[in-house]
Amino acid sequence: MTWTTTTLRDALRADLVVALRARDRTVATALRTTIAAIDNAEALPTDDVAPPTSGPVAGAVAGLGATEAVRRELSPNDLAVLLTTQVAERRAAADEVERHGRDADAARLRREADVVAAYRDRA
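Residues numbered from 1 in each chain as written. Predicted model: local features only at pLDDT ≥ 70, side-chain atom pairs only at ≥ 80, totals over all residues. Heavy atoms only, no water.

A.B. asks: Can you explain the overall build of the protein? Please cite residues and give values.
C.D. replies: Counting its regular elements, the protein contains four helices and zero strands. In sequence order, the protein lays out its α and β elements as α-α-α-α. Going through the 123 residues of the protein one by one, you find that 28% of them count as buried. In the protein, 69% of the contacts between residues at least 6 apart in sequence involve partners at least 24 apart. When the accessible surface of the protein is summed, it comes to about 8,000 Å², and 55% of that surface belongs to carbon and sulfur atoms. (Helix = DSSP H or I, 4+ residues; strand = E, 2+ residues; numbered from the N terminus. Buried < 20%, exposed > 50% of the residue type's maximum accessible area, 1.4 Å probe, protein only. Contact = heavy atoms within 4.5 Å. Areas by Shrake-Rupley, 256 points an atom, 1.4 Å probe, with all protein chains shown as cover.)

Next up, the structure:
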């Protein structure tokens, strides 16, 4: 299955509901942060934002929805890279906290990495 932004986000949200009902905090955390990473990746770079205009309030833009911007569309490759990065960051963090003797935290981070890796591997 090739992920699109919509199908991946829908799958993550559906599984998040299941994790919350099961009170599985580790899985819920992994899913929430992955959804947030997708949202952040879709945001426009600040270079692409139009400069503020003058008005009654300096820098304000007039009109309903005037500050809304179309979000970037992520390709399946972008999503694969994002998921791979999420897994790598968690595993690196697990190694770091394990070096400091926090084995329980390292195990939690590795479990989070496994949760995200399952989505990456389904792509």
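A.B. asks: Explain the environment of Tyr119 residue by residue, including any values.
C.D. replies: Note on placement: Tyr119 falls in helix H4 (residues 103–122). Residue Tyr119 is classed as buried on the basis of its relative accessible area of 5%. Separated by 39 residues in sequence, Tyr119 and Ala80 have C-alpha atoms that sit 9.1 Å apart. Excluding residues within four positions of it along the chain, Tyr119 makes contact with Trp3, Leu8, Ala11, Leu12, Asp15, Leu31 and Leu83.

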